[in-house]
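Fold and geometry: a report
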Amino acid sequence: MKRSVKSFVVAACLLPLLVGCQKGIAVGGKVSFPDGKPLATGIVCFQNDKTMARGVLDANGVFRLGTNTPNEGLAPGKYKVYVTEAFDRQTFPLPKTDDEPFRHPIETPLIDVKFMNPETSGLACDVVPGLKSFDITVDYPKDSVKDSVKKP
């Protein structure tokens with residue numbers, strides 16, 4: 001009798017560990033424009049009420065999500081998808097102060113800004129077993145304020 005109680009206690013203690021060891025669904029894909037050109041910089045984000053996963057784009061627009069957990073991968077479910085950090089960053093010098101040059105970044109969006117917010121991107125993914133790739137198409141940025149200013 002003592003042995004079966006001991007076995008039950010051991011099993012009850014190990015069960016949460018075994019459930020926690022289940023591997024999630026590895027998700028990756030590619031981000032490109034309608035003309036097929038890849039988005040070569042940015043971070044793809046998948047989020048729902050429980051999880052946030054991010055994947056950095058490489059020069060070919062390819063990403064693989066990471067969740068910062070020991071068992072990488074996403075739990076099955078519906079996720080909002082968006083792309084952040086998709087900017088062309090340049091710097092320009094501002095006036096020197098205390099003999100220190102200061103550089104201020106100029107960020108020009110590489111994609112339409114609607115794709116940078118989970119509420120406006122219009123992108124969603126249903127993560128299910130067997131999902132191999134989730135490819136994303138984004139639009140080029142809309143005309144910037146600079147481009148819309150009429151020249152004299």
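About the cut-offs
- Positions within a chain are numbered from 1, following the residues in the order the chain's sequence is written.
- Local features are withheld for residues below a pLDDT of 70 in this predicted model, meaning they are given only at 70 or higher, and side-chain atom pairs are given and counted only at 80 or more; totals for whole chains, interfaces and linings count all residues.
- Based on all heavy atoms of the structure, the side-chain values leave hydrogens and waters out of the count.
- A run of H or I in DSSP becomes a helix once it reaches four residues, and a run of E becomes a strand once it reaches two; helices and strands are each numbered from the N terminus.
- Think of it in three bands: with a 1.4 Å probe and only protein chains considered, a residue is buried below 20% of the maximum accessible area for its type, exposed above 50%, and partly exposed in between.
- Every residue pair with non-hydrogen atoms within 4.5 Å of one another is taken to be in contact.
- Accessible surface is estimated by sampling points in the Shrake-Rupley manner with a 1.4 Å probe; for residues, cover comes only from the protein chains shown.
- Only buried residues count toward a nonpolar core, which is a set of Ala, Val, Leu, Ile, Met, Phe, Trp, Tyr and Cys residues joined through side-chain atoms within 4.5 Å.
- Along the chain, pLDDT gives the predictor's confidence residue by residue, from 0 to 100.
- A pair of strands is treated as paired once DSSP finds two or more bridges between them.
- For Phe, Tyr and Trp, where Trp contributes only its six-membered ring, two rings pair if their centres lie within 6.5 Å, and the inter-plane angle classes them as stacked under 30 degrees, edge-to-face over 60, or tilted in between.
- Comment: axis = line fitted to C-alpha atoms, over the contacting stretch for helices; angle = value between 0 and 180 degrees taken between N-to-C directions.
- Nitrogen and oxygen atoms within 3.5 Å of one another constitute a polar contact, given that in protein one can donate a hydrogen and the other can accept it, and given that sequence-neighbouring residues count only through two side-chain atoms.

As for the overall build of the protein
For the protein, the count of helices and strands is 2 helices and 9 strands. In the protein, the succession of helices and strands from N to C terminus is α-β-β-β-β-β-β-β-β-β-α. Residues counted as buried form 28% of the 152 residues belonging to the protein. Looking at the protein alone, contacts between residues at least 24 apart form 61% of all its contacts between residues at least 6 apart. A total accessible area of about 10,900 Å² is found for the protein, and carbon and sulfur atoms account for 58% of it.

What to know about the nonpolar core
Residues Val27, Val44, Phe46, Ile111, Val127 and Ile136 are the most contacted members of the largest nonpolar core, which totals 27 residues. Residue assignment for this core shows that the elements contributing at least two residues are strand E2 (43–47), strand E5 (77–84) and strand E8 (123–127). Apart from the residues lying within four places of it in its own chain, the contact partners of Val127 are Ile25, Val27, Phe46, Leu74, Ala75, Pro76, Gly77 and Tyr79.

Some details on the confidence of the model for the protein
On average, residues of the protein carry a pLDDT of 79, and 66% of them reach 70 or more. Throughout residues 5–21 the model reports pLDDT below 50, and contacts reaching past four residues in sequence, or to other chains, amount to 2 contacts. Of the regions scoring below 50 in pLDDT, residues 145–152 engages in 0 contacts with residues more than four places distant in sequence or in other chains.

Notes on the pairing of E5
The buried count for E5 comes to 6 of 8 residues, which makes it a mostly enclosed element. Where E2 and E5 come together, 5 bridges link them in antiparallel fashion. Residue pairing in the sheet places Cys45 in a bridge with Tyr82 of E5. Here E5 runs beside E8; their pairing, made up of 5 bridges, is antiparallel. Counterpart to Gly77 in the pairing with E8 is Val127.

Looking at the packing of aromatic side chains
A full pass over the atoms with the stated rule returns 4 aromatic pairs. Ring geometry for Phe46 and Phe63: centres 6.5 Å apart, planes at 50 degrees, overall tilted. Taken together, the positions of Phe46 in strand E2 and Phe63 in strand E4 (residues 62–64) put the pair 17 residues apart, joining distant regions of the chain. With 5.6 Å between their ring centres and 80 degrees between their planes, Phe46 and Phe134 make a pair best called edge-to-face.

A few points about the sheet that holds E2
Adjacent strands of a sheet form backbone hydrogen bonds with each other and so pair up, either parallel or antiparallel. The strand order E3-E2-E5-E8 describes an open sheet built from 4 strands, whose pairing is antiparallel. On the outer flanks of this sheet lie strand E3 (52–56) and E8, each paired with one strand and no other. Direction aside, neighbouring strands of the sheet carry axes that sit 30 degrees apart on average.

Thoughts on the environment of Gln47
Summarising the element assignment, Gln47 is placed in strand E2. On a C-alpha basis, the gap between Gln47 and Ala124 in space is 9.3 Å, while along the polypeptide they are 77 residues apart. Reaching out from Gln47, the side chain makes a polar contact with the side chain of Tyr82 at a distance of 3.1 Å.

A few points about the sheet that holds strand E1 (residues 28–32)
Read from one edge of the open sheet, 3 strands run E4-E1-E9, paired in mixed fashion. For this open sheet the edge positions go to E4 and strand E9 (136–137), each flanked by a neighbour on one side alone. One ladder, built from 2 bridges, connects E1 with E9; its direction is parallel. In the strand pairing of E9, Val31 is matched with Ile136.

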